[in-house]
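# Tertiary structure, described
What follows is the residue order along each chain.
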Amino acid sequence: MLFFPSVLIFTSEGFAQGNLIIIPRRVVFEGPKRTEALSLANTGADTAKYLISVIHYRMLDNGAFELITQPDSGQYFADKNFRFFPRSVVLAPNEAQTVKLQTINTSGLNPGEYRSHLYFRSVPNVKPPGEQPADTNSKEISVKLVPIFGIAIPVIIRVGPPVSTVAVERAALEIDGQGARQLKTTFSRTGNVSVYGDIQIDHVSPQGKTTRVSLVKGFAIYTPNKQRHAVFPLVDHQNFSYHTGKLRILFTTTSGTRTVKIAETELELH
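Below, the structure is looked at part by part. (Residues numbered from 1 in each chain as written. Predicted model: local features only at pLDDT ≥ 70, side-chain atom pairs only at ≥ 80, totals over all residues. Heavy atoms only, no water.)

### Comments concerning the overall build of the protein
Going by this rule: Here a strand is any run of E in DSSP of at least two residues, a helix any run of H or I of at least four, and the numbering for each starts at the N terminus. We call a residue buried when its accessible area falls under 20% of the maximum for its residue type, exposed when it is over 50%, and partly exposed in between, using a 1.4 Å probe and counting protein chains only. Working rule for contacts: check all heavy atoms of both residues, and any pair within 4.5 Å makes them a contact.
Across its full length, the protein carries zero helices and 21 strands. Residues counted as buried form 39% of the 270 residues belonging to the protein. Across the protein, contacts joining residues at least 24 apart in sequence account for 66% of those joining residues at least 6 apart.

In structure tokens:
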């Protein structure tokens, strides 16, 4: 089963889908860190219940996710090395609650990165049949569709010194089927940990003027993947031409209050 990226509403440290907001949007245990607290908030008008469980994904080279039960070669699950509480939450409108995570049994782990995902699944608020208003005049069978959604966030445990390098192996300017410009890229990753951050693409004119043409937040390459192929839509602008200057592709992450460069390259335009 494949899971492709859906439309998410991002905040500075978390994300929302449906009426549920989770902060932060990923958990990384490394160094002396052993605990983490997730903040859940219901922004909807109705009380909502969410069941919390652990699932496992593999990331495909195009960034899509696939549910798996056994790790791939070079992939390690983290589910046996952390616990969380509670396992379900009920949130009234505009109510928030904390879910606590703690690592366990990590002293014997081999160096590397271990990853599983916490899955928050909404439970439909459906009344029992006896409480449903009956329509005595109708002889037709009615079907009510109740949408169910879920949010999964990665929980990562890192053991030993993290080592990772990323390079942009390919970058090409293309036109899609609707005539819009896009940048097709291939990123390569080496090392023992995944990478996560933001992609920004700027047009630099021959005179040195810089214009932001694309920005993607939350771009990841998870272990054991060595490559990720990505296509970034580019904004057209009247003040410059994609036939002159160059495109600067910058992949960055944050470490504390610092912005750290993961990879950078430039594509000369003709």
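### Looking at the pattern of salt bridges
Here is the rule: Salt bridges are defined by distance alone: a side-chain nitrogen of Lys or Arg within 4 Å of a carboxyl oxygen of Asp or Glu.
Within this structure, the stated rule accounts for 13 salt bridges. The closest approach of N and O atoms between D236 and R181, which form a salt bridge, is 2.8 Å. Of this pair, D236 sits in the loop between β19 (227–233) and β20 (246–255) while R181 sits in strand β16 (residues 181–191), placing them 55 residues apart in sequence. Between R248 and E266 there is a salt bridge whose closest N-O contact spans 3.2 Å. Of this pair, R248 sits in strand β20 while E266 sits in strand β21 (residues 258–268), and the two are 18 residues apart along the sequence.

### Description of the packing of aromatic side chains
What counts is decided by this rule: Any two rings among Phe, Tyr and Trp, with Trp reduced to its six-membered ring, count as a pair given centres within 6.5 Å; such a pair is stacked if its planes are under 30 degrees apart, edge-to-face if over 60, and tilted if neither.
Per the stated rule, a full pass over the model turns up ten aromatic pairs. Between the aromatic rings of Y57 and F65, the centroid separation amounts to 5.3 Å while the plane-to-plane angle is 50°, which identifies the pairing as tilted. Each member of the pair, Y57 as well as F65, is classed as buried. Between the aromatic rings of F65 and Y222, the centroid separation amounts to 6.1 Å while the plane-to-plane angle is 55°, which identifies the pairing as tilted. With F65 in strand β9 (residues 65–67) and Y222 in the loop between β18 (210–221) and β19, this pair connects stretches of sequence that are 157 residues apart. In this structure Y222 comes out as buried when scored by relative accessible area, which is 4%.

### Describing the sheet that holds β21
Sheets are built from strands paired through backbone hydrogen bonds, the pairs being either parallel or antiparallel. Formally: The pairing criterion is simple: DSSP has to find at least two bridges between the two strands. Here the axes come from fitting lines to C-alpha atoms, over the contacting stretch only for helices, and the angles between their N-to-C directions go from 0 to 180 degrees.
Ordered by their spatial adjacency, four strands build an open sheet running β18-β17-β20-β21, and the pairing between neighbours is antiparallel. Whereas interior strands pair on both sides, the edge strands pair on one side only; in this sheet they are β18 and β21. Strand after strand, the sheet turns through a mean of 20° between neighbouring axes, direction not considered. As defined by bridge partners, strand β17 (residues 195–204) adjoins β20 across seven bridges and the pair is classed as antiparallel. Across the sheet, residue V204 finds its bridge partner in β20, namely K246.

### Digging into the nonpolar core
Definition in use: Within this scheme, the nonpolar core is defined by two criteria: the residues are buried Ala, Val, Leu, Ile, Met, Phe, Trp, Tyr or Cys, and they are joined through side-chain atoms within 4.5 Å.
Counting residues in hydrophobic clusters, the biggest one holds 25 residues, and the most contacted among them are L38, L40, L101, L118 and F120. Broken down by element, the residue count for this core peaks at five residues, all from strand β14 (residues 150–159). Excluding residues within four positions of it along the chain, F120 makes contact with L20, I22, L38, L40, L51, I52, F149, G150, I151 and I153. In terms of nonpolar packing, the next biggest core, distinct from the first, is built from 21 residues, V166, I201, L247 and L267 among them.

### Things to note about the sheet that holds β19
Read from one edge of the open sheet, three strands run β15-β16-β19, paired in antiparallel fashion. The open sheet has two free edges, formed respectively by β15 (164–175) and β19, since each of these has just one partner strand. On average, each strand axis in the sheet is tilted by 20° relative to the strand beside it, whichever way the strands run. Pairing of β16 with β19, which is carried by seven bridges, proceeds in the antiparallel orientation. For L183, the partnering residue across the bridge sits in β19 and is F232.

### Quick look at the environment of Q102
Here Q102 lies in strand β12 (residues 96–103). When neighbours within four sequence positions are excluded, Q102 is seen to be in contact with R34, T35, N81, F82 and R83.

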